[in-house]
Structure formats: C-alpha cells, structure tokens
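Structural features, examined
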Amino acid sequence: GAVVSQHPSWVICKSGTSVKIECRSLDFQATTMFWYRQFPKQSLMLMATSNEGSKATYEQGVEKDKFLINHASLTLSTLTVTSAHPEDSSFYICSARGTSGRGLVQFFGPGTRLTVL
Amino acid sequence: DQQVKQNSPSLSVQEGRISILNCDYTNSMFDYFLWYKKYPAEGPTFLISISSIKDKNEDGRFTVFLNKSAKHLSLHIVPSQPGDSAVYFCAAYLHTGRRALTFGSGTRLQVQP
C-alpha cells in the first residue's frame, strides 16, 4: 500500500538554527499534503495545507515566515522551521492525500521529533 | 466547537471479541470519514474510509458503518487482536473550504489476551 516517509525521524538542533523536514509519498501521488504538530497527550494540530505547485495555506496562529512549506512535486513536501527556539520542540507529522482503489485516502508519515536546545 | 466527537476515551475488549468504536459529528456537509489507529510517537495509520453516499464499507477485519440521519459512524474490528491495542481516531473531510481532516479526540482500545 501507499507509504509516506519523513526524514529525519528525529533531530536535535541549537536555538536559532533552521531545520528542514522532508515528506515523501511513495508509490502514491499526493494532490494535497498537510503538516501537523502534536503536543503531548493531545490530538494532531493542523499547521498548514499545501497543494502541489501552489502556496501553502496556514492555519490561524501558525507563522508562515517561521514554518516554511514547499510542495514542489506530487511526491515531495518540505517543512523548514526557521530560527528554531525551544518552544518549537515538538512532534511534526506530514500527511498526503489522494485517491486510490480504496477511495479517498490520506496517509500519514511516521513523524519527526524536533528538539531545540 | 468540536465537530467530530469520540465520547469514549477508552475501551477494553477480550481477544477474539468484537471491538466497536464510536464517533459522532455535527457538520452534515462532511463528505468522507476516515479511521486511523495511532501508536505513541508514530504517525497515524490509515485503516478504512467511507463516503457519505454509503452506509457501510468493509476491509478485512475492519468495517465502518455510517448513519447519516444520526450523524454517527462506528468502526467494528472482528476479531479483535492484542496487536489492535492503540488509540483510534475518526476523522471527517469536507471538500469545500480548507479541506483538511477534522479529527476526533481518540479512543484508546485495549485488547486483553
């Protein structure tokens, strides 16, 4: 079945640096990709939605200049956390949506644990 | 305003029995509903979806039922296995607007051997 991969699976960085997280859909063309953030013991919080070749749509309260999203192809989206601070430490999950023989499907990546020191 | 609700935070069933996870929604415009299971520190795993024009969809041990008049859906797992123990989220999709999934708060399923 379709798989969504994320890289890296975990990253530790110093405050003030930028971190890029890649999300790839394998054997699956994602017309829409989503980026989520999960806080401990909470459900997923949608950060932004992106369609291939167009600008991402950010949720209220999410800084677009801090969380840069690029969706260059139907199989790749990237999230760059710019000038990361400790409060950006979190679990980031991407998701890819398309259609298949099973109807509408949306698969999630395994997540990336970001720790900012 | 919580548009998708999972009112049972947890559920415990015996191995081999049926697990029934429930979900209610308030927005009658939702087009699709999806079920995911999730382990800690992992992304959700897609299980099954159902279009709003259907009332049942089956895939292996998983069956989803949709009752539009009651704005209610349920996921049945038969037979339940210990490996099914996880948090299950229902999610709803609206094809207009921002088109993102709206998630319920999840139900933790524990399947006892």
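It should be emphasised that the depicted structure is a prediction, and the values quoted were computed from it without experimental measurement.

**Focus on unusual backbone geometry**
Going from His7 of chain A to Pro8 of chain A, the amide bond is cis rather than trans, its omega being 0°. Pro79 of chain B follows Val78 of chain B through a cis peptide bond whose omega is -10°. Tracing the sequence through the fold places Pro79 of chain B in the loop between strand E8 (72-77) and strand E9 (86-93). Phi is positive for Ser83 of chain A, which is not a glycine, with a value near 45°. For Ser83 of chain A, a relative accessible area of 33% puts it in the partly exposed group. Phi at Lys71 of chain B is positive, roughly 50°, even though this residue is not glycine. Looking at where Lys71 of chain B falls in the secondary structure, it is placed in the loop between strand E7 (62-67) and E8. Here Lys71 of chain B falls in the partly exposed class, since its relative accessible area comes to 26%.

**What about the nonpolar core?**
The tendency in soluble globular proteins is for nonpolar side chains to be buried side by side. In this structure, Tyr36, Phe108 and Leu114 of chain A together with Tyr36, Leu101 and Phe103 of chain B are the most contacted members of the largest nonpolar core, which totals 44 residues. For this core, the leading source of residues is strand E9 (residues 90-100) of chain A, giving 5 residues. Excluding residues within four positions of it along the chain, Tyr36 of chain B makes contact with Gln106 and Phe108 of chain A together with Pro44, Thr45, Phe46, Leu47, Val87, Tyr88, Phe89, Ala91, Leu101 and Phe103 of chain B. Counting residues in each nonpolar core, the second largest holds 23 residues, with Val13, Phe33, Leu75 and Tyr88 of chain B among its members.

**A closer look at the interface of chain A and chain B**
The figure often quoted for interface size is the accessible area lost as the parts come together. Each side of the interface is counted separately: chain A has 22 residues, and chain B has 20 residues. Across the interface of chain A and chain B, roughly 1,600 Å² is buried in total on both sides, 56% from carbon and sulfur atoms. Counting every contact that joins chain A to chain B gives 0 salt bridges. At the boundary of chain A with chain B, the tally comes to 3 residue pairs in polar contact (both at pLDDT 80 or more).

**Observations regarding the sheet that holds E7 of chain B**
All names here are of chain B. Reading across the sheet, the 5 strands line up as E1-E3-E8-E7-E6 and stay open at both edges, with antiparallel pairing between neighbours. In this open sheet, the two strands that pair with only one neighbour each are strand E1 (4-5) and strand E6 (56-59). By the bridge criterion, 2 bridges tie E1 to strand E3 (residues 19-25) in an arrangement that is antiparallel. Among the inter-strand pairings, Lys5 is bridged to a residue of E3, identified as Asp24.

The rules behind the values
- Residues numbered from 1 in each chain as written.
- Chains lettered and ligands numbered in written order.
- Predicted model: local features only at pLDDT ≥ 70, side-chain atom pairs only at ≥ 80, totals over all residues.
- Heavy atoms only, no water.
- Helix = DSSP H or I, 4+ residues; strand = E, 2+ residues; numbered from the N terminus.
- Buried < 20%, exposed > 50% of the residue type's maximum accessible area, 1.4 Å probe, protein only.
- Core = buried A, V, L, I, M, F, W, Y, C linked by side-chain atoms within 4.5 Å.
- Contact = heavy atoms within 4.5 Å.
- Buried area = accessible area lost by both parts, 1.4 Å probe.
- Salt bridge = Lys/Arg side-chain N within 4 Å of Asp/Glu carboxyl O.
- Polar contact = N/O pair within 3.5 Å; in protein donor to acceptor, adjacent residues only side chain to side chain.
- Pairing = 2+ DSSP bridges.

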